[in-house]
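Coordinates in review
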Amino acid sequence: MASVPEDVLVNEALIEDLQKLAKDTALLQGILMRTKETPNSSEVVSYAAFTLFPSPVPRSLFEQARQVQTHFNLLVDRISQDAEFLEQALASTINVDDFTARLFNIYRQVIQEGCSQPIILGLNRSDYMFDLGKDSKTSLKQIEINTIAAGAGGLTSRTPALHRHILKVAGRVEEQKNILDNNPAAGSAKAIAKSWELYGSEQAVVMFLVEDDEINIYDHRCVENELWSRNITIIRRDFNDVSKRASLDQNKRLFIDGKEVAIVYFRSGLMPQDYTEQGWEARLMMERSRAVKCPDISTHLAGTKKVQQEMSRPGVLERFFPDDPKAVAQIRATFAGLYSLDMGEEGDRTVAMAIANPDHFVLKPQREGGGNNIYGEDICQVLESVKENSERCAYILMDKIRPQPVRNYLLRSGSPLKLSTCLSELGMFGAYVRQGKGMVLNECTGHLLRTKSAEHSDGGLTTGVAVLDNPLLV
Ligand code: ADP
Ligand code: MG
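The rules behind each value
Residues numbered from 1 in each chain as written. Chains lettered and ligands numbered in written order. Predicted model: local features only at pLDDT ≥ 70, side-chain atom pairs only at ≥ 80, totals over all residues. Heavy atoms only, no water. Pairing = 2+ DSSP bridges. Helix = DSSP H or I, 4+ residues; strand = E, 2+ residues; numbered from the N terminus. Contact = heavy atoms within 4.5 Å. Axes fitted to C-alpha atoms, helices over the stretch in contact; angles between N-to-C directions. Core = buried A, V, L, I, M, F, W, Y, C linked by side-chain atoms within 4.5 Å. Buried < 20%, exposed > 50% of the residue type's maximum accessible area, 1.4 Å probe, protein only. Salt bridge = Lys/Arg side-chain N within 4 Å of Asp/Glu carboxyl O. Near = heavy atom within 4 Å. Polar contact = N/O pair within 3.5 Å; in protein donor to acceptor, adjacent residues only side chain to side chain. Areas by Shrake-Rupley, 256 points an atom, 1.4 Å probe, with all protein chains shown as cover. Nonpolar A, V, L, I, M, F, W, Y, C, P; charged D, E, K, R; others polar. Phe/Tyr/Trp six-rings, centres within 6.5 Å; stacked < 30°, edge-to-face > 60°. Lys NZ or Arg CZ within 6 Å of the ring centre and 35° of its normal. Disulfide = S-S within 2.5 Å. Arc of directions from axis to C-beta. Left-handed = near helix turned anticlockwise from the far one by under 90°. Lys, Arg positive; Asp, Glu negative; His and termini not counted.

What the 4 strands build is an open sheet, ordered 13-16-14-15; its pairing is antiparallel. Taken across any chain shown, the strands that pair with only one partner, and hence form the sheet edges, are strand 13 (338-340) and strand 15 (374-375). Bridge analysis of strand 13 against strand 16 (residues 395-399) gives 3 bridges, and the strand direction is antiparallel. Its bridge partner lying in strand 16, serine 340 is registered against isoleucine 396. Contacts between helix 15 (residues 345-356) and the sheet are confined to strand 13, strand 14 (361-365) and strand 16, with strand 13 contributing the most and set at about 125° to the helix.

Right, here's the structure in full:
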């Protein structure tokens, strides 16, 4: 793949100049992150980490990811409505994974009580890597789909201007046109605004459900400001606030601090540590309420790794797209090998296969947010210790994707400048709104390219491993 010319990469004087200019440009563009030291304060902030140069992405694979996104939106939405499928898919997991079990309990309670809100708002991001096959062909392979708190759609909207400027100064003016404009935050806001309109109460607010420490607040602010510009009121509250001060009226309308909440937009709640006991009660209250939840509990569960693995079984996609073999084929083409570790012969085969060749796989628990997966020899260790009992059902196994590494500089506050061998991950943002049975909006709203040093197996922007990038379409 074409990448930055070697003479540019090793031109120390040029790189030194470019990195200074790049950091200032990032700050000017508002590509910002709070610091780990003061995660609650905007008094001292820094640029969010980014690559000095955009990374090459094959145009055809980018287009493929873009085109399949509205199908993924439908798939997630359809799974979320199929109680029988969710129940079956997650049965073995919830026996051993407490976090998924607690989510599932809320799901069961809400189903029993009956749905109180026919408006469904989904904002997700489907992540991919470009697998370099033995035949030297690259193919698009899905890593996962995030149905809760899929972030970075705000910051990434400001990076095209940054990379175009760097290219211009580096004398690569022609290439600027291969960086696309991109504004997923605006797309998310459009879908939130649509849902707010459908909710139908002028006074009602959109509540961002956030963590108390939020280093990534500027990313949220991008979506917030898009909504304010439509004259929609935003409030920010955490689980603790909801547990202490929110309530439902007799029509299950959600109120907090005297305001009716039309939409709860979760930017927290994806990890076990996000919840105290009161936090779990708050989640249940929000799920029972008439507020539109983004995501609702069933859509949250549809985004679990276990569901991803079950989706790859023969016949499952056909169940969700009975009349659309083209959509089935498009979705399936992006699947890497996914394997169940459920008790029984199939799971036994998965264990043996992984232990025989651990470097070919990734072992994944039901967790989000980066830093949880297991690689290499650790796979053998973990599987040896759980393979005889049902604890192994807490994991799924996945083929390891092997992208072509590219050399680039990762600019990160406080880190020395160093030429790194890098791997990229492309995300496509999806947004949809459904009212009862009818889809009101179904769109691909933009993209995100994250790049990390190849020495890291795992990724994640907020974990400090991956950094913001832009696809340079080739
Ligand atoms: P999380 O929910 O923690 O983001 P992911 O499934 O996205 O979990 O995995 C985290 C990171 O691990 C990814 O961003 C990617 O860098 C790496 N990764 C995950 N699955 C694979 C895979 N099958 N092949 C190669 N790398 C992977
Ligand atoms: Mg991920």
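Further notes follow.
This part takes up the nonpolar core. Judged by nonpolar contacts, the single largest core of 67 residues is most densely connected at Leu75, Ile79, Met207, Leu254, Val264 and Met286. The dominant element in this core, judged by the number of residues it contributes, is helix 3 (residues 59-80), at 9 residues. Other than its neighbours up to four places away in sequence, methionine 207 contacts Ile235, Arg237, Val242, Leu254, Ile256, Val261, Ile263, Val264, Tyr265 and Met286. Core analysis: the second largest hydrophobic core is formed by 28 residues, Val4, Val8, Leu155 and Tyr409 among them.

For the coordinates displayed, the defined rule picks out 36 salt bridges. Across the pair aspartate 257 and arginine 245 runs a salt bridge, and its minimum N-O distance is 2.7 Å. Taken together, the residues span a long stretch of sequence, with aspartate 257 in the loop between strand 10 (254-256) and strand 11 (259-266) and arginine 245 in helix 9 (residues 239-245) at a distance of 12 residues. Its relative accessible area of 33% is what places aspartate 257 among the partly exposed residues.

This part is about the site of ligand 1. Near ligand 1 there are 21 residues, and of these Lys305, Lys364, Gly370, Ile401 and Glu425 occur at the shortest range. A distance of 2.8 Å is found between an oxygen atom of ligand 1 and a side-chain nitrogen or oxygen belonging to lysine 452. Relative to its unbound accessible surface of 540 Å², ligand 1 loses 96% to contact with the protein. Counting residues per element, the ones that place at least two in the shell around ligand 1 are strand 6 (138-146), strand 14 and strand 16. Looking at side-chain class alone, the shell around ligand 1 contains 6 nonpolar, 5 polar and 10 charged residues.

For the coordinates displayed, the defined rule picks out 11 aromatic pairs. Between phenylalanine 239 and tyrosine 275, the aromatic rings sit 4.8 Å apart at their centres with planes inclined by 45°, giving tilted as the arrangement. Here tyrosine 275 lies in the loop between strand 11 and helix 10 (277-288) and phenylalanine 239 lies in helix 9, a separation of 36 residues in the sequence. Owing to a relative accessible area of 6%, phenylalanine 239 belongs among the buried residues under this scheme. For tyrosine 275, a relative accessible area of 8% translates into the label buried. Between arginine 283 and the ring centre of phenylalanine 266, over which it is positioned, the NZ or CZ distance is 4.6 Å. A cation over an aromatic ring shows up here: arginine 290 above the ring of tyrosine 199, its NZ or CZ 5.4 Å from the ring centre.

So, on to the environment of alanine 327. Here alanine 327 shows up in helix 14 (residues 325-332). Judged by relative accessible area, alanine 327 falls into the buried class, the value being 0%. Setting aside anything within four residues of it in sequence, one finds alanine 327 in contact with His71 and Phe321.

Quick look at the environment of serine 188 now. Assignment of secondary structure puts serine 188 in helix 7 (residues 184-199). What makes serine 188 buried here is its relative accessible area of 10%. A sequence separation of 243 residues divides serine 188 from alanine 431, and the C-alpha atoms of the two residues are 6.3 Å apart. The contact partners of serine 188, leaving out residues within four places of it in the chain, are Leu123 and Val223.

Within this structure, the stated rule accounts for 0 disulfides. Unpaired in terms of disulfides, cysteine 115 finds its nearest cysteine sulfur in cysteine 294, a separation of 15 Å. Free of any disulfide, cysteine 222 has its nearest neighbouring cysteine sulfur in cysteine 294, separated by 17 Å.

With that settled, consider helix 6 (residues 159-169). Along helix 6, the residues that are buried comprise Thr159, Pro160, Leu162, His163, Ile166 and Leu167. For helix 6, the arc enclosing every buried residue in end-on projection is 160°, short of the 170-degree limit, so these residues lie on one face. Next to the buried residues of helix 6 lie helix 2 (12-29), strand 3 (50-51), strand 20 (467-469) and strand 21 (471-473). Looking one or two residues beyond helix 6, the residue adopting positive phi is glycine 171, at roughly 80°.

Within strand 6, 7 of the 9 residues are buried, which leaves the element mostly enclosed by the surrounding structure. Summarising the sheet, strand 5 (residues 119-132) and strand 6 pair through 8 bridges and their orientation is antiparallel. The residue bridging methionine 129 from the neighbouring strand is lysine 141, located in strand 6. Hairpin connection from strand 5 to strand 6: 5 residues lie between these consecutive antiparallel strands, with serine 136 at a positive phi of about 65°.

Here the focus is the packing of helix 4 (residues 83-96) against helix 5 (residues 98-113). Direction vectors running N to C along helix 4 and helix 5 enclose 145°, while the axes themselves pass 8 Å from each other. Where helix 4 crosses over helix 5, the two elements pack in a sense that is left-handed. Here helix 4 contributes Ala83, Leu86, Glu87, Leu90, Thr93, Ile94 and Val96 to the contact with helix 5, which in turn contributes Asp98, Thr100, Ala101, Phe104, Tyr107, Arg108 and Ile111. Across the contact of helix 4 with helix 5, the residue classes break down as 9 nonpolar, 2 polar and 3 charged.

Here we come to the side chain of lysine 364. When you line up the elements, lysine 364 lands in strand 14. Buried within the structure, lysine 364 lacks any salt-bridge partner; glutamate 144 is the closest side chain of opposite charge, at an N-O distance of 6.0 Å. Within the local environment of lysine 364, its side chain forms a polar contact with the backbone oxygen of isoleucine 143, the two atoms lying 3.4 Å apart. Contacts of lysine 364, omitting those with residues within four sequence positions, involve Ile143, Lys305, Asn373, Ala394, Tyr395, Ile396 and Met398.

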